[in-house]
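# A structural walkthrough
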Amino acid sequence: MKKLRASLLLAALSVPALMTAAAHAETVLRLDEAPIGELDPAKATDYADSILMFNVYDTLVAPTAGKPGTQPLLASSWTVDGNAYTFTLRDDVKFHSGNPLTAEDVVYSFDRMIALGQGFSHLFVDSVEKVEAVDGKTVKFTLKGPYAPFLSALVRLPVVDSKLARQHQADGKYGAFGDYSEAWLSANDAGSGAYAVVKQNPQEETDLVKFKDYFLGATPKSPDKVRFRYGLEASTVRALLSKGEHDIGSQWLPPEVAKALAADDKMQLLTEVGTNVFYIKLNTAKPPLDDVHCRLALTYAFDYATAAKMVAVTDKVSLGKPANGPIPHGMLGSSSDVPNYAQDLDKAKAELAQCKYKPEETPLEISWIAEVPLEERFALLMQANFAKLGFKPEVKRVPWALFTEMVTKPETTPNISQIFNSATTPDPDSLLYNTYHSSAKGTWQSPEYLQDAEVDKLLAAGRAEVDPAKRQKIYEDLSQRLRDLAPTIYAYDQVAVFPARKAVNVPAMSNDADRYALSAFGFTFRNVEMAE
């Protein structure tokens, strides 16, 4: 624990000459998220981490606004020859250090992510054979075989300033790369993004400033500075917003708080749709939920209608929409022919009758994340729902940091967990593979501990098939298999709602033509407009 605390010390990035020296009064964007803000691009996965990555670092491609697909970012173009993708890099990109972007930076970033084996390495480890610098501005990815999500996956490969990072590497287990600069990159920035980090405390706050040499520039009214805070209490956020001392609240505020804020004529509700889901995870490796009939019983017993009422914010805005399976409506692989889930206690009791466990004799632990108050309400709803079947559920409050440790072992993982999950690339593979593939079990995204050969087979097929129509059928079949296995209760397709002051304009969170099919990408600060 001492070692962890040591690695989380505040750090300052000494690059004042590269930062914006605004002639006008400086504008500061203030927002918050649930903890923790991971700055290491090879480790970042959570929502707060994603916001940091999309602003501090750049990737070869980016999602396209208002429609599916990707567009060039660090890459000016690319060609495809069989399983080889060759990218030509832009020649006008500088890192925050002043170093120019090279193909070696891309190679280093990829090799580092794979070596550390964390973050979004799972998107590449089984699909990419090698990455090589053809010349200073050309990089070639050779895949092991057809991999349909590859371009979409590249939005999760932040490119690191390898020259700067290597100057700060310490002794470690990675041979010539030492610790791969793991300690340094957890507290310092080696990116090329529109914003640079000047202070980092992953449990409290990250401070950023606009990078004046960013190759794409920024909107004239984009914030000069950003204060990104973590783990604020809902009451604190409400008070700060009401007093004009905060600009955007997190998506985790209770619905009534968001509703009360929306009633203020100085406030608005920003939304993110189509990429997020609320999963209630069932531990399939521990009694009683290692029995599929018991899992199906809980799936039928859950009160979806009441859940929908619980997340209503206003007559027009809700935190969720009805779900019919693991893939949110509108995403590749979803089907409008499958009915949405609804409570059916008769079916629940019929399934329970086939379960080998007696509910009154089997503990049933329901956890909720301490930093997300809304989850407590769902835990209490489930406690009431499942008690009707004879269970005696115990509700437990678990801090996020503890939860991520608990789920590394099936015996310490709660019977029931609650996770807000997102498609981490504009492709269903990024939502499903790291949730349901047997290799993913034991992570915060996969506390189900599901191990099913048919699920693994369909997930592999979805990656290998490049024809969109055939991929649609594969993911429909996968969804049905998951509905049959019931490792998860699909509570609702999430609509992320962010109370914000009207003085802040976030087009990607308010205009359909500007929205991105990638969770958190809407918070690209260079596209945000601030009132002076």
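Residues numbered from 1 in each chain as written. Predicted model: local features only at pLDDT ≥ 70, side-chain atom pairs only at ≥ 80, totals over all residues. Heavy atoms only, no water.

### A word on helix H15 (residues 453-464)
With twelve residues, H15 extends 17 Å from end C-alpha to end C-alpha; this agrees with the ideal 16 Å at 1.5 Å per step. Residues Val-455, Asp-456, Leu-458, Leu-459, Gly-462 and Arg-463 constitute the buried set of H15. Projected onto a plane normal to the axis of H15, the buried residues spread over an arc of 165 degrees and lie on a single side. Exposed residues on H15 whose side chains face more than 90 degrees from its buried face are Ala-453 and Lys-457. The N-cap residue of H15 is Asp-452: its side-chain oxygen and the backbone nitrogen of Glu-454 are 3.2 Å apart. (Helix = DSSP H or I, 4+ residues; strand = E, 2+ residues; numbered from the N terminus. Expected span 1.5 Å × (residues − 1). Buried < 20%, exposed > 50% of the residue type's maximum accessible area, 1.4 Å probe, protein only. Arc of directions from axis to C-beta. Polar contact = N/O pair within 3.5 Å; in protein donor to acceptor, adjacent residues only side chain to side chain.)

### Focus: the nonpolar core
Nonpolar side chains in soluble globular proteins tend to end up buried together. One finds Leu-60, Phe-141 and Ile-248 to be the most contacted residues of the largest nonpolar core, which totals 82 residues. One finds Phe-278, Leu-282, Trp-368 and Trp-400 within the second-largest nonpolar core, a separate group that totals 71 residues. (Core = buried A, V, L, I, M, F, W, Y, C linked by side-chain atoms within 4.5 Å.)

### A word on the sheet that holds strand S4 (residues 75-81)
The strands making up a sheet associate through hydrogen bonds between their backbones, and the pairing can be parallel or antiparallel. The four strands lie next to each other as S4-S5-S7-S6, forming an open sheet whose pairing is antiparallel. On the outer flanks of this sheet lie S4 and strand S6 (128-135), each paired with one strand and no other. For this sheet, the mean inter-axis angle between neighbouring strands, taken without regard to orientation, is 20 degrees. In terms of strand pairing, strand S5 (residues 84-89) meets strand S7 (residues 138-143) through five bridges, oriented antiparallel. By the bridge assignment for S7, Thr-88 is matched with Thr-138. (Pairing = 2+ DSSP bridges. Axes fitted to C-alpha atoms, helices over the stretch in contact; angles between N-to-C directions.)

### A few points about the environment of Val-495
If you trace the backbone, Val-495 turns up in strand S16 (residues 488-501). Spatially, the C-alpha atom of Val-495 lies 5.0 Å from that of Val-273, the residues being 222 residues apart in sequence. Leaving out residues up to four positions away in the same chain, Val-495 has contacts with Thr-271, Glu-272, Val-273, Ser-318, Leu-319, Gly-320 and Lys-321. (Contact = heavy atoms within 4.5 Å.)

### Section: the state of the cysteines
This structure, assessed with the given rule, holds zero disulfides. In this structure Cys-294 is not part of a disulfide, and its nearest cysteine sulfur, from Cys-355, lies 3.7 Å away. (Disulfide = S-S within 2.5 Å.)

### A look at the confidence of the model for the protein chain
The predicted model of the protein chain has a mean per-residue pLDDT of 92, with 95% of residues at 70 or higher. Within the model, pLDDT remains below 50 along residues 1-23, and this stretch shows 38 contacts once partners closer than five positions in the same chain are excluded. (pLDDT = per-residue confidence, 0-100.)

### Some details on the side chain of Ser-446
Note on placement: Ser-446 falls in the loop between helix H14 (429-436) and H15. A distance of 2.7 Å separates a polar side-chain atom of Ser-446 from the backbone oxygen of Thr-435.

### Some words on the sheet that holds strand S9 (residues 205-210)
Reading across the sheet, the four strands line up as S1-S10-S9-S8 and stay open at both edges, with mixed pairing between neighbours. The open sheet terminates on both sides in strands that have one partner only, identified here as strand S1 (28-33) and strand S8 (195-201). Strand-to-strand twist in this sheet, taken as the mean axis angle between neighbours without regard to direction, amounts to 20 degrees. By the bridge criterion, six bridges tie S8 to S9 in an arrangement that is antiparallel. Its bridge partner being in S9, Ala-196 is matched across the sheet by Val-209.

### A few points about the layout of surface pockets
Taken as a whole, the second largest pocket spans an internal volume of roughly 450 Å³. Every residue lining the second largest pocket is counted, 25 residues in all, and those nearest its centre are Lys-67, Pro-68, Gly-330, Met-331 and Ala-517. The element best represented in the lining of the second largest pocket is strand S11 (residues 267-282), accounting for three residues. Here the lining of the second largest pocket is built from residues that sort into eleven nonpolar, nine polar and five charged. (1 Å grid on protein atoms, 1.4 Å probe; cavity = no way out; pocket = protein on both sides within 12 Å on 5 of 7 lines; lining within 4 Å. Points joined across faces, edges and corners; volume = space filled by probe spheres on them. Nonpolar A, V, L, I, M, F, W, Y, C, P; charged D, E, K, R; others polar.)

### What to know about empty space enclosed by the protein
Per the counting criterion, the structure on display carries four cavities of 30 Å³ or more. Here the largest cavity defines a volume of roughly 320 Å³. Lining the largest cavity are 26 residues, with Asp-46, Tyr-47, Trp-252, Phe-420 and Trp-444 positioned closest to its centre. Class assignment of the residues belonging to the lining of the largest cavity gives a composition of eleven nonpolar, ten polar and five charged. Looking at the second largest cavity, its volume works out to about 50 Å³. If you trace the second largest cavity, you find it lined by Thr-271, Glu-272, Val-273, Ala-508, Met-509, Arg-515, Tyr-516, Leu-518 and Gly-522. Partitioned by chemical class, the residues of the lining of the second largest cavity number five nonpolar, two polar and two charged.

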